[in-house]
Structures are given as structure tokens and as C-alpha cells.
Amino acid sequence: MNFSDMMKMKGAWDKFSSSHPQFVRFLSYMDSSPVTEGTVFRLSVQRPGEEKEVRTSIAINESDLELIELLKSMARK
């Protein structure tokens, strides 16, 4: 990633952070607490104007842990 892209990303993150502080606190909590095998993530999405809410859940398994740690390390750079 070049410097210009990094600066754009930082600006976008700063704007996102100020617009969604609760989500940023959630991410901070997740970073401070290890995700272990068996952890369950539940996600839902509801688009404006649609009654239907789409939901899913995933139970983290051992092979997922490596990807999670890789993503966390990339976010810290």
C-alpha cells in the first residue's frame, strides 16, 4: 500500500470512528480479549426500506484463529 492510499484510509477511518464510536469500542474490546475456538459471532443486516433482516452466525474453529490473528496484526500496522 502506498503512502497516498494509507492517508486516504486513515482519513476514512477517522471519519468512520467519529460517526460510529460504539462500533469502534466494540472492535477495541474484541482486540483486548482473545477470540478462542468456540466463540460465536452473530451478524444481522437490515437495509433501509426493507422489512427482511438477513442473519447468520459462525462458530470460530481452530483454523479460523490464524486468519483472525493475521487480520488483527494488519489492522495494527
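Enquirer: Describe the pattern of salt bridges, and please don't skip the residues or the numbers.
Expert: A side chain of one charge can pair with a side chain of the opposite charge when the charged atoms of the two come close. What the rule picks out here adds up to two salt bridges. Note that Asp14 is salt-bridged to Lys10, the shortest N-O span being 2.9 Å. With Asp14 and Lys10 both in helix α1 (residues 3-19) and four residues apart, this pair spans about one turn of that helix. A relative accessible area of 47% places Lys10 in the partly exposed class. Linking Glu53 and Arg55 is a salt bridge whose minimum nitrogen-to-oxygen distance equals 3.1 Å. Take Glu53: its relative accessible area is 32%, and that puts it in the partly exposed class.

Enquirer: Report on the packing of α1 against helix α2 (residues 21-32), specifying residues and quantitative values.
Expert: The geometry of α1 relative to α2 is characterised by a closest axis approach of 5 Å and an angle of 105° between their N-to-C directions. Here α1 lies roughly perpendicular to α2, going by the angle between them. Residues Trp13, Phe16, Ser17, Ser18 and Ser19 of α1 lie in contact with α2, whose contacting residues are Pro21, Phe23, Val24 and Leu27. The class makeup of the residues in the contact of α1 with α2 is six nonpolar, three polar and no charged.

Reading the values: the criteria
Per chain, the residues get numbers from 1 upward, laid out in the order the sequence is written. Totals for whole chains, interfaces and linings use every residue, but because this is a predicted model, local features are given only for residues with pLDDT of at least 70 and side-chain atom pairs only at 80 or more, for both listing and counting. The basis for the side-chain values is all heavy atoms of the structure; hydrogens and waters are excluded. Only one rule defines a salt bridge in this text: a Lys or Arg side-chain nitrogen within 4 Å of an Asp or Glu carboxyl oxygen. Labels follow the DSSP assignment, with helices taken as runs of H or I lasting at least four residues and strands as runs of E lasting at least two, numbered in each case from the N terminus. A simple rule labels every residue: compare its accessible area, found with a 1.4 Å probe on the protein chains alone, to the largest value its type can have, and call it buried under 20%, exposed over 50%, or partly exposed in between. For every element, the axis is a line fit to its C-alpha atoms; helices are fit only across the contacting stretch, and the angle between N-to-C directions ranges from 0 to 180 degrees. Working rule for angles: under 35 degrees goes down as roughly parallel, over 145 as roughly antiparallel, 65 to 115 as roughly perpendicular, anything else as oblique. Residue contacts are counted whenever heavy atoms from the two residues lie within 4.5 Å of one another. Polar here means any residue outside two lists: the nonpolar Ala, Val, Leu, Ile, Met, Phe, Trp, Tyr, Cys and Pro, and the charged Asp, Glu, Lys and Arg; Gly therefore counts as polar.

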